[in-house]
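# Descriptive analysis of the structure
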Amino acid sequence: MSTTTATPAEQTGAHTDEAAALIGGARERIDALDDRIIGLVQERMAVSAVIQEARITSAAAGSTSRARRPCSATTGTRWASRAPRWR
């Protein structure tokens, strides 16, 4: 039984070792970026959970009004709901 180790060029699909090294480094950077993105999404979910808990708690305390805020582009004469904006 023989085992063959693929060269870096074969592992990346590159045609030269120089390109294989560049691709390998770029893939490592992408992996690091992915880890950061996942961490940020998890942090965002935690903050969102705090907001949701505050809403639930305030509703249980008898607050039934929908939160509203002045539009940033106006002087407060118009109001915008906190509904998500779809683009």
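Structure first, text after, so check above.
Residues numbered from 1 in each chain as written. Predicted model: local features only at pLDDT ≥ 70, side-chain atom pairs only at ≥ 80, totals over all residues. Heavy atoms only, no water.

On to the overall build of the chain, then. Across its full length, the chain holds two helices and two strands. Residues counted as buried form 7% of the 87 residues belonging to the chain. Here the chain has roughly 8,100 Å² of accessible surface; of this, 57% comes from carbon and sulfur atoms. (Helix = DSSP H or I, 4+ residues; strand = E, 2+ residues; numbered from the N terminus. Buried < 20%, exposed > 50% of the residue type's maximum accessible area, 1.4 Å probe, protein only. Areas by Shrake-Rupley, 256 points an atom, 1.4 Å probe, with all protein chains shown as cover.)

What follows deals with a negative patch on the surface. Negative charge collects at one region of the surface, where Glu28, Asp31, Asp34 and Asp35 lie side by side. Note on placement: aspartate 34 falls in helix H2 (residues 17-60). A relative accessible area of 35% means that aspartate 34 is categorised as partly exposed. (Patch = residues over 30% accessible without salt bridge, like charges linked within 9 Å, V, L, I, M, F, W, Y side chains within 5 Å. Salt bridge = Lys/Arg side-chain N within 4 Å of Asp/Glu carboxyl O. Lys, Arg positive; Asp, Glu negative; His and termini not counted. Charge placed at Lys NZ, Arg CZ, Asp CG, Glu CD.)

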